[in-house]
Amino acid sequence: MDFLKSAVASAIAQGPPFPYTFGDKVDIDASIWTLYNGTRRADGSNCSIFSFDVTANKARLPLAKNALKKLRTMRHPGVIRVLDTVETDTYIYIATERVVPLRWHVKRKSLSPETIKWGLYSIARTIKFINDEGSSIHGSLRVASIYTSESGEWKLGGFEILSNVKDDEAVIYTYGSLVPDSARYTPPELARSGWDAIKKSPHSAVDAYNFGTTIFEVFNGDFMGGDQAGQTKGIPPSMHAGYKRLVNANPKARITVGTFLEQGRRSGGFFDSSLIKLTEGIDNLGVKSETEREEFLEDLDQLTDDFPEDFFKMKILPELLKSVEFGGGGPKAFSVVMKIATKLTNEDFEAKVQPVVIRLFGNPDRAIRVCLLDNLPVMIDRLPQKVVNDKIFPQMVSGFTDIAPVVREQTLKSVLVIINKLSDRTINGELLKYLAKTANDEQPGIRTNTTICLGKIAKNLGTSSRAKVLIAAFTRSLRDPFVHARNAALMALAATSEYFTEEECATRILPVICPSLIDKEKLVRDQANKAMEVYLQRIRKAAAAMPDTVQPPPQTTEGAGPRMSTPQPSEASSWAGWAISSFTNKLSAASGEMQTSTSNGTPTPTGQRAISPSPVPDPSRRVTSTSSASALHRQAVKSPSPAPPLSRNSSTSAAEYFKDPEPADDDGDAWGDMGDMDDDGNAFFDASSDSTKTTKKEPTASSQPFDDGSEPDFAGWLAAQAKKSGPGGSKSLPKGLTKTNGKATTTTTAKKPLPTKTASKPVVAKKIDMKPKETDDDDGWGDGW
């Protein structure tokens, strides 16, 4: 084999240029030609090369030259297409389209009956053309002279003795018997009388007989001789009558191949098949009317899978693509293209279909765009990511803003198909920008589908902005007037819960789901309950893993009490108990009647109860005042006006105030007997209005500090205020003064008692202002109530 290739190469080097490269040798039946697979050097395209060695087959040189001549001049779709020829004294080369001997398919029995009928129909048309239009005789028609092209079409060759009947010196009369295996296929009249007998019979009789033997051969695998002529084994019943007339022993009684062709094309005939109609209609698809084109495409779409794939790939597909792109084939033609494309290899799809698809996405025809989007799932796996991201998606986004709702909706649905082929930058940039537009679309169905789309592509969104985008989109959809849009938002929230933090679930998502629990539509209410349960379960799980508190453990020291502003475990049963305990812990111990003092220090007449003094703290127990208590105390006693000096009666009142309390008669009277309030209950805010009218008295001080157990004595302070609110009443000592050894002392915030000092200035009467201060740190503590 290598020697033969080298010999051919050396021969080419010595002869005229032949721009084709020889490849593998192809096995064929007995022939004067040697067949090779070849390639064209210029573009690497496939071809076949028929080679004739003049030196080795000099006796059959006239046959080779006749074949070369006829192939050059015979132009018909059913004839092998010649690309180039070279003829020298030592060889003849004929480069043709890439072909495969039909014998290969016949031996393997790889042809379906429909495909065989289609092939015989093509050969019959070619023979009819040679006999009628060409007034010629093929002379050597058989399976060995038929080849199949890359498109699966049957092509006629074997023109070694093809002759015109008008030529008296035709090759067929002289060299007909030199054709290999001619005796097996020779008609009976020629076997008896020689090739000159052709002149005595219709010139089509030889080709008619040989066409009959070819029918037998393709259906049965081989033809052994004249004895098998007329046998109907394996031949479809619809062909029996015509087949027998083709192989009739009497040449004058034989029908022509043209007549056989006409019989088969009749309605219900053996050539009346959809595949044959397809081959006839595909060539002139571009010039058909719209109605004819629709009928043709309808028949094409109904074809079964047993038709030749190569023909669809090489012949039908290119014509359909041209029709879709330029000839007005429209969506119907493209649907057939996609059906054929499923049988293509990835390489064929990339070479034949992909370029057209990219160009079609730039076509402004809405019908074509919708058809492309409908068929996108079929071809997306074969389209490279770079092609989708860089070429198809930029063209596709125009559909998001198209005025036709069907285009916008179909474009939106296609996002789920191409999302895995898009880059992160495209998804989180341009795609989200267009989805934001469709989320506000005038069509409620498009808004709903946008929500569904976002829920399904959530895993593809960037982690830095995913939660923000989804919460914003779903929250807006929950307010949509369209019921299915709200339902879709709840379903999407339930499906994407894993992408939100526990804090986002509790603070941003649950609050917006809650209104849907009382939605007017039961569909939405049910879905809201499901979504709520999903998030509650997640929050409960997260809360179970959290510590009981993040506060540091309490620093317990001797003599130290709990801070007023820090809730203690014992108070955890009431969420607000710690905040109001300082106002109520002393009031429960109040007993007796409230007393008021006149301006001259004498007690008012009876009829009112005296306030029981609060218990005197144990001197041995020291409690450090906290900053919170000090701030609250300072706020309670702040007043700009000076106070008059305390009288002896005032001192007596202060002593009584700080005595050990007597048993309370009725705790409830402490709130009910404050009769000095006006109708609006505001008198106690104005308790200091008359305090400036009291006489000045000299105060006394003591070094004994006072502590009420870390909480201000508001009950005692209220009692003192009630006393002085009456006309002429004397003012009691403010909170913080206590009596030790007959003298008053001042309480400070220091841990150690201050040295005793005699006050040289009169004690200033404090004006009580119970209105909250705007700048105080504790101003907002109760706003949550």
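Cut-off values and rules
- Residues numbered from 1 in each chain as written.
- Predicted model: local features only at pLDDT ≥ 70, side-chain atom pairs only at ≥ 80, totals over all residues.
- Heavy atoms only, no water.
- Helix = DSSP H or I, 4+ residues; strand = E, 2+ residues; numbered from the N terminus.
- Buried < 20%, exposed > 50% of the residue type's maximum accessible area, 1.4 Å probe, protein only.
- Contact = heavy atoms within 4.5 Å.
- Pairing = 2+ DSSP bridges.
- Axes fitted to C-alpha atoms, helices over the stretch in contact; angles between N-to-C directions.
- Parallel < 35°, antiparallel > 145°, perpendicular 65-115°, else oblique.
- Left-handed = near helix turned anticlockwise from the far one by under 90°.
- Nonpolar A, V, L, I, M, F, W, Y, C, P; charged D, E, K, R; others polar.
- Expected span 1.5 Å × (residues − 1).
- pLDDT = per-residue confidence, 0-100.
- Core = buried A, V, L, I, M, F, W, Y, C linked by side-chain atoms within 4.5 Å.
- Phe/Tyr/Trp six-rings, centres within 6.5 Å; stacked < 30°, edge-to-face > 60°.
- Lys NZ or Arg CZ within 6 Å of the ring centre and 35° of its normal.
- Salt bridge = Lys/Arg side-chain N within 4 Å of Asp/Glu carboxyl O.

(A) Fine view of the overall build of the protein chain. From N to C terminus, the protein chain includes 30 helices and twelve strands. Here the protein chain, with 785 residues, has 47% of them falling under the buried criterion. A separation threshold of at least 6 residues defines the contact pool for the protein chain, and within that pool the share at least 24 residues apart is 67%.

(B) Region of the structure containing the sheet that holds strand E6 (residues 99-101). On the basis of which strands lie adjacent, the open sheet formed by three strands has the order E6-E8-E9 and antiparallel pairing. A single partner strand is all that each edge strand has here, and the edge strands are E6 and strand E9 (154-156). Each adjacent strand pair in this sheet contributes to an overall mean axis angle of 45 degrees, direction not counted. In the sheet, E6 pairs with strand E8 (residues 146-149) via three bridges, with the strands oriented antiparallel. Its bridge partner lying in E8, Val 100 is registered against Thr 148.

(C) Main features of the packing of helix H14 (residues 330-341) against helix H15 (residues 346-361). The geometry of H14 relative to H15 is characterised by a closest axis approach of 12 Å and an angle of 150 degrees between their N-to-C directions. In this view, H14 runs roughly antiparallel relative to H15, as classed from their interaxial angle. Crossing geometry of H14 relative to H15 is assigned as left-handed. Where H14 approaches H15, its residues Phe 334, Met 338 and Ala 341 are matched on the opposing element by Phe 349, Val 353, Val 357 and Leu 360. Looking at the contact of H14 with H15 residue by residue, the class counts come to seven nonpolar, no polar and no charged.

(D) Structural detail: helix H8 (residues 205-220). Between its terminal C-alpha atoms H8 stretches 23 Å, which fits the 22 Å expected from 16 residues at 1.5 Å a residue. Of all 16 residues in H8, 15 are buried; the element is thus mostly enclosed. Looking one or two residues past H8, Gly 221 carries a phi angle of roughly 105 degrees, positive in sign.

(E) Highlighting the confidence of the model for the protein chain. Summary statistics for the protein chain give a mean pLDDT of 75 and a share of 68% for residues scoring 70 or more. Scored below 50 in pLDDT, residues 737-761 shows 47 contacts in the model against residues more than four places distant or in partner chains. Across residues 771-785, confidence stays below pLDDT 50; counting only partners more than four residues off in sequence or on other chains, it has 13 contacts.

(F) The arrangement of the nonpolar core in detail. Judged by nonpolar contacts, the single largest core of 154 residues is most densely connected at Leu 120, Phe 211, Ile 215, Leu 320 and Leu 431. Excluding anything up to four places from it in sequence, Ile 215 contacts Leu 120, Ile 235, Met 239, Tyr 243, Leu 246 and Phe 260. Tyr 36, Ile 49, Tyr 93 and Ala 95 belong to the second-largest nonpolar core, a separate cluster that totals ten residues.

(G) Up close: the packing of aromatic side chains. By the definition in use, this model includes 17 aromatic pairs. Residues Phe 50 and Tyr 147 carry aromatic rings whose centres are separated by 5.6 Å and whose planes lie at 85 degrees to one another, so their mutual orientation is edge-to-face. With Phe 50 in strand E3 (residues 46-53) and Tyr 147 in strand E8, this pair connects stretches of sequence that are 97 residues apart. The buried category is assigned to Phe 50, whose relative accessible area is 7%. Taking 6.1 Å as the distance between ring centres and 80 degrees as the angle between the ring planes, the aromatic pair formed by Phe 216 and Phe 223 counts as edge-to-face. For Phe 216, a relative accessible area of 3% gives the class buried. Residue Phe 223 is classed as buried on the basis of its relative accessible area, which comes to 0%. Taken together, the aromatic side chains of Phe 18, Tyr 20, Phe 22, Tyr 36, Tyr 91 and Tyr 93 make up a single cluster linked through ring pairs. The side chain of Lys 199 reaches across the aromatic face of Tyr 173, ending 4.6 Å from its centre.

(H) Spatial organisation of the sheet that holds strand E1 (residues 20-26). In space, the five strands of this open sheet follow the order E1-E2-E3-E5-E4, with antiparallel pairing throughout. The sheet terminates laterally at E1 and strand E4 (82-87), the two strands that pair on one side only. Mean inter-strand twist for the sheet, computed between neighbouring axes without regard to direction, equals 25 degrees. With six bridges joining them, E3 and strand E5 (residues 91-96) adopt antiparallel strand pairing. Looking at the pairing, Asp 53 lines up with Tyr 91 of E5. Packed onto the sheet, helix H2 (residues 61-73) meets E3, E4 and E5 and runs at close to 30 degrees relative to E5.

(I) View of unusual backbone geometry. Positive phi, normally seen in glycine, also occurs at Lys 109, with a value near 55 degrees. Tracing the backbone shows Lys 109 in the loop between helix H3 (102-108) and helix H4 (113-133). Residue Ser 135 is not a glycine yet carries a positive backbone phi of 50 degrees. Assignment of secondary structure puts Ser 135 in the loop between H4 and strand E7 (136-137).

(J) The environment of Pro 384, seen in detail. Tracing the backbone through its elements, the reader meets Pro 384 in the loop between helix H17 (376-379) and helix H18 (385-396). In this structure Pro 384 comes out as partly exposed when scored by relative accessible area, which is 35%.

(K) Highlighting the pairing of E8. Here E8 shows no split at all, with Ile 146 and Thr 148 on one side and Tyr 147 and Ser 149 on the other all buried. Direction of pairing for E8 relative to E9: antiparallel, over a ladder of three bridges. Bridge pairing links Ile 146 to Leu 156 in E9. Where E8 folds back on E9, the antiparallel hairpin that results is connected by four residues, among which Gly 152 adopts a positive phi of roughly 90 degrees.

(L) Quick look at helix H21 (residues 444-456). In a regular helix each residue adds 1.5 Å, so 13 residues correspond to 18 Å; H21 covers 19 Å between its end C-alpha atoms and thus fits that length. Of the residues making up H21, those classed as buried are Ile 446, Arg 447, Thr 448, Asn 449, Thr 450, Thr 451, Cys 453, Leu 454 and Gly 455. For H21, the secondary structure elements touched by its buried residues are helix H19 (405-418), helix H20 (424-438), helix H22 (466-478) and helix H23 (483-495).

(M) Spotlight on the environment of Ile 215. With respect to the element layout, Ile 215 can be found in helix H8. With relative accessibility at 0%, the residue Ile 215 sits in the buried group. Sequence spacing of Ile 215 and Tyr 243 is 28 residues, and the spatial spacing of their C-alpha atoms is 7.7 Å.

(N) Main features of the pattern of salt bridges. On inspection of all chains with the given rule, the structure shows 20 salt bridges. Residues Arg 447 and Asp 480 are paired through a salt bridge, measuring 2.7 Å at the closest nitrogen-oxygen approach. Of this pair, Arg 447 sits in helix H21 while Asp 480 sits in the loop between H22 and H23, and the two are 33 residues apart along the sequence. Across the pair, Asp 480 and Arg 447 agree in class, each one buried. A salt bridge links Glu 533 to Arg 540; its shortest N-O distance comes to 3.7 Å. With relative accessibility at 35%, the residue Glu 533 sits in the partly exposed group. Each member of the salt-bridge network shares a partner with another, and the members are Asp 181, Arg 184 and Asp 222.

(O) Structural context of the side chain of Ser 48. Along the chain, the position of Ser 48 falls in strand E3. With relative accessibility at 0%, the residue Ser 48 sits in the buried group. Residue contacts for Ser 48: discarding those within four places in its chain leaves Leu 35, Tyr 36, Asn 37, Gly 38, Ile 94, Ala 95, Thr 96, Glu 97, Arg 98 and Val 99.

(P) Quick peek at the environment of Cys 371. Position of Cys 371 among the secondary structure elements: in helix H16 (residues 366-374). Along the backbone, Cys 371 and Ser 335 are 36 residues apart, and their C-alpha atoms lie at a distance of 7.6 Å. Excluding its chain neighbours within four sequence positions, the residues that come into contact with Cys 371 are Pro 331, Phe 334 and Ser 335.

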